[in-house]
Amino acid sequence: MKLTFSLKFLFIFLAIFLTEILIAKYLHDAFIRPFGGDVLVVVLIYAFFRIFLITNNRKLALGVLIFSFIIEFLQALHYVNWLGLQNNKFWSIVLGTYFSVYDLLAYFVGYLICLCFKD
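The model shown is predicted, which means the values in this text are computed figures rather than measured ones.

**Re the overall build of the protein chain**
Step number 1: Regarding its fold elements, the protein chain presents six helices and two strands.
Step number 2: Along the protein chain, helices (α) and strands (β) appear in the sequence β-α-α-β-α-α-α-α when read from the amino end.
Step number 3: Relative to a compact globule of 119 residues, whose C-alpha radius of gyration would be 14 Å, the protein chain shows 15 Å and is just as compact.
Step number 4: When the backbone C-alpha atoms are referred to their principal axes, the protein chain occupies close to 40 × 30 × 25 Å.
Step number 5: Burial analysis of the protein chain (119 residues in total) assigns 35% to the buried set.
Step number 6: For the protein chain, the share of sequence-separated contacts (at least 6 apart) that also reach a separation of at least 24 residues comes to 69%.
Step number 7: Per element, the accessible surface of the protein chain, about 7800 Å² overall, is 73% carbon and sulfur.

If you want it as structure tokens, here you go:
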């Protein structure tokens with residue numbers, strides 16, 4: 001693993017971040033917002049790390065997937081309440097407030113997209 005700065009992944013990160021904001025603000029459907037947004041968040045996190053790291057893309061993608069799964073399982077334990085953030089709309093949206101098996105599937109799809117990036 002080496003430190004770097006990748007303009008390519010910075011642009012990917014910014015494009016996905018902007019897309020996530022637009023989805024959260026303007027889309028209130030039953031598929032794209034809950035599923036597509038969760039797919040993209042895995043790619044967003046992956047792209048953020050790739051801005052600064054040259055590393056094995058498979059290992060990084062797996063690490064992001066595991067992290068996403070841990071956060072999802074913490075949602076089943078209502079960790080937002082533990083942190084005292086249940087009344088903060090921003091953090092409740094960012095951290096998530098309920099567990100869903102479909103979210104795990106979305107994270108896995110995001111993981112598969114991350115595997116498409118070359119080392």
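**Observations regarding the confidence of the model for the protein chain**
Where the model shows low pLDDT, its predicted coordinates should not be examined in detail.
Step number 1: For the protein chain, the mean per-residue pLDDT works out to 94, and 99% of the residues sit at or above 70.
Step number 2: Ranking the elements of the protein chain by mean pLDDT puts helix H5 (residues 89-95) last with 84 and helix H6 (residues 101-114) first with 97.

**Structural notes on the packing of helix H2 (residues 32-52) against helix H3 (residues 57-76)**
Step number 1: Across the interface, H2 lies against H3 with an axial gap of 10 Å and an inter-helix angle of 135 degrees. Relative to H3, H2 is oriented oblique. Judged by the twist between their axes, the crossing of H2 over H3 is right-handed. Contact with H2, carried on its side by Val 42, Ile 45, Tyr 46, Phe 49 and Arg 50, involves Asn 57, Leu 60, Ala 61, Val 64, Phe 67 and Ser 68 of H3 and no other residues of that element.
Step number 2: Considered class by class, the residues forming the contact of H2 with H3 number eight nonpolar, two polar and one charged.

**What about H6?**
Step number 1: In a regular helix each residue adds 1.5 Å, so 14 residues correspond to 20 Å; H6 covers 20 Å between its end C-alpha atoms and thus fits that length.
Step number 2: Buried residues of H6: Asp 103, Leu 104, Ala 106, Tyr 107, Gly 110, Tyr 111 and Cys 114, and no others. Each buried residue of H6 sits inside an arc of 160 degrees when the element is viewed along its axis, so together they form one side. Seen from the open side of H6, the exposed residues pointing more than 90 degrees away from its buried face are Val 101 and Tyr 102.
Step number 3: Close packing links the buried residues of H6 with H2 and H3.
Step number 4: One side-chain oxygen at the N-terminal end of H6 lies 3.1 Å from the backbone nitrogen of Tyr 102; it belongs to Ser 100.

**Some points on helix H1 (residues 7-26)**
Step number 1: Look at H1: 28 Å from first C-alpha to last across 20 residues, which is about the 28 Å you get at 1.5 Å a residue.
Step number 2: What H1 keeps buried is the set Phe 9, Phe 13, Ile 16, Glu 20 and Ile 23. Down the axis of H1, the sector holding all buried residues measures 95 degrees, keeping them to one side. Those residues of H1 that are exposed and angled more than 90 degrees off the buried face are Phe 11, Lys 25 and Tyr 26.

**Quick word on the packing of aromatic side chains**
Step number 1: Summed over all chains, the structure comprises 12 aromatic pairs.
Step number 2: When the ring of Phe 9 is compared with that of Tyr 46, the centres are 6.3 Å apart and the planes differ by 75 degrees; the resulting orientation is edge-to-face. Of this pair, Phe 9 sits in helix H1 while Tyr 46 sits in helix H2, and the two are 37 residues apart along the sequence. Neither Phe 9 nor Tyr 46 differs from the other in exposure class; each is buried.
Step number 3: In this structure an aromatic cluster arises from ring pairing among Phe 5, Phe 13, Phe 17, Phe 48, Phe 49 and Phe 52.

What counts, and at which threshold
- Residues numbered from 1 in each chain as written.
- Predicted model: local features only at pLDDT ≥ 70, side-chain atom pairs only at ≥ 80, totals over all residues.
- Heavy atoms only, no water.
- Helix = DSSP H or I, 4+ residues; strand = E, 2+ residues; numbered from the N terminus.
- Rg over C-alpha atoms; globule rule 2.2 N^0.38 Å.
- Buried < 20%, exposed > 50% of the residue type's maximum accessible area, 1.4 Å probe, protein only.
- Contact = heavy atoms within 4.5 Å.
- Areas by Shrake-Rupley, 256 points an atom, 1.4 Å probe, with all protein chains shown as cover.
- pLDDT = per-residue confidence, 0-100.
- Axes fitted to C-alpha atoms, helices over the stretch in contact; angles between N-to-C directions.
- Parallel < 35°, antiparallel > 145°, perpendicular 65-115°, else oblique.
- Left-handed = near helix turned anticlockwise from the far one by under 90°.
- Nonpolar A, V, L, I, M, F, W, Y, C, P; charged D, E, K, R; others polar.
- Expected span 1.5 Å × (residues − 1).
- Arc of directions from axis to C-beta.
- Polar contact = N/O pair within 3.5 Å; in protein donor to acceptor, adjacent residues only side chain to side chain.
- Phe/Tyr/Trp six-rings, centres within 6.5 Å; stacked < 30°, edge-to-face > 60°.

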